[in-house]
Amino acid sequence: VQLQASGGGLVQGGGSLRLSCAAYGSIYKVNDMGWYRQAPGKQRELVALITSGGSTKYTESVKGRFTISRDNTRNTVALQMNSLKPEDTAVYYCYASITPEYYVGRDYWGPGTLVTVSS
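This is a predicted model, so every value here is computed, not measured.

Definitions and limits used
Residues numbered from 1 in each chain as written. Predicted model: local features only at pLDDT ≥ 70, side-chain atom pairs only at ≥ 80, totals over all residues. Heavy atoms only, no water. Salt bridge = Lys/Arg side-chain N within 4 Å of Asp/Glu carboxyl O. Helix = DSSP H or I, 4+ residues; strand = E, 2+ residues; numbered from the N terminus. Buried < 20%, exposed > 50% of the residue type's maximum accessible area, 1.4 Å probe, protein only. Core = buried A, V, L, I, M, F, W, Y, C linked by side-chain atoms within 4.5 Å. Contact = heavy atoms within 4.5 Å. Disulfide = S-S within 2.5 Å. Pairing = 2+ DSSP bridges. Axes fitted to C-alpha atoms, helices over the stretch in contact; angles between N-to-C directions. Phe/Tyr/Trp six-rings, centres within 6.5 Å; stacked < 30°, edge-to-face > 60°.

S.K.: Quick question: what am I supposed to make of the pattern of salt bridges here?
M.R.: Any two side chains of opposite charge can pair, so long as their charged atoms come close to each other. All told, the structure shown has 5 salt bridges when counted by the stated rule. The salt bridge involving Arg-37 is made with Asp-88; its shortest N-O contact spans 3.0 Å. One end of the pair, Arg-37, is in strand β4 (residues 27-38); the other, Asp-88, is in the loop between β8 (76-81) and β9 (90-100), with 51 residues separating them in the sequence. On the accessibility criterion, Arg-37 (5% relative accessible area) is buried.

S.K.: Whenever I open this one, the nonpolar core confuses me. Can you help?
M.R.: It is characteristic of soluble globular proteins that their nonpolar side chains tend to be buried jointly. Trp-35, Leu-79, Met-81 and Tyr-92 are the most contacted members of the largest nonpolar core, which has 30 residues in total. It is β9 that provides the largest number of residues to this core, a total of 5 residues. Met-81 has contacts with Gly-15, Ser-16, Leu-17, Leu-19, Arg-65, Phe-66, Tyr-92 and Val-115, leaving out every residue within four places of it along the chain.

S.K.: For this particular structure, what's the right way to read the state of the cysteines?
M.R.: A covalent bond between the sulfur atoms of two cysteines is what we call a disulfide. For the coordinates displayed, the defined rule picks out 1 disulfide. Covalently, Cys-21 is tied to Cys-94 through a disulfide, its sulfur atoms 2.0 Å apart. Disulfide Cys-21-Cys-94: torsion about the S-S bond near -85°, hence left-handed. With Cys-21 in strand β3 (residues 17-24) and Cys-94 in strand β9, this pair connects stretches of sequence that are 73 residues apart.

S.K.: Would you mind going over the sheet that holds β8 with me for this structure?
M.R.: Pairing between sheet strands relies on hydrogen bonds along the backbone, with the strands arranged either parallel or antiparallel. Strand order in the open sheet formed by 4 strands is β1-β3-β8-β7, and the pairing between neighbours is antiparallel. Lying at the two open borders of the sheet, with one neighbouring strand each, are β1 (2-6) and β7 (66-71). Strand-to-strand, the axes of this sheet are offset by a mean angle of 15°, without reference to chain direction.

S.K.: Explain the packing of aromatic side chains to me, please; I cannot follow it from the model alone.
M.R.: Aromatic ring pairs are described here by two measures, namely the spacing of the ring centres and the angle between the planes. With the rule as written, the count across this model stands at 3 aromatic pairs. Their ring planes at 70° and their centres at 5.7 Å tell us that Tyr-36 and Tyr-95 sit as a pair that is edge-to-face. Remark: Tyr-95 occurs in strand β9 and Tyr-36 occurs in strand β4; sequence separation between them is 59 residues. Assessed through its relative accessible area of 9%, Tyr-95 is described here as buried. For the pair Tyr-36 and Trp-109, a centre-to-centre distance of 4.9 Å together with 70° between the ring planes defines the contact as edge-to-face. Pair noted here: Tyr-36 is in strand β4 and Trp-109 is in strand β10 (residues 106-109), with a separation of 73 residues, a long-range link.

S.K.: Honestly, the side chain of Ser-97 in this entry has me stumped. Any pointers?
M.R.: By the element assignment, Ser-97 lies in strand β9. Among residues more than four places away in sequence, those in contact with Ser-97 are Lys-29, Val-30, Asn-31, Asp-32, Arg-106 and Asp-107.

Here it is, written out as structure tokens:
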């Protein structure tokens, strides 16, 4: 099982970006999916999380600007980021709690995609 993300890049403040992530492999069930980020010199923090049932959770600083969504039929999760601010600059990591076929479930992480917001 692996996660593959795309969509990072450089954008001006106030602009938008969309991150996408797909889970591949022998998957029995995908539970929570989400996005974390890590800015230079800071700890990794949760940005947004979505359950398999569609319930969402956001960190306070992105509420009203970011929207997380998922497609359970394709095991994908997306993060639409609007009104981006320079403080959103970070490496964004896709996350998923997955139960693979024939194995115990655990957390999986994508390799990270850089989002840079210029002022």
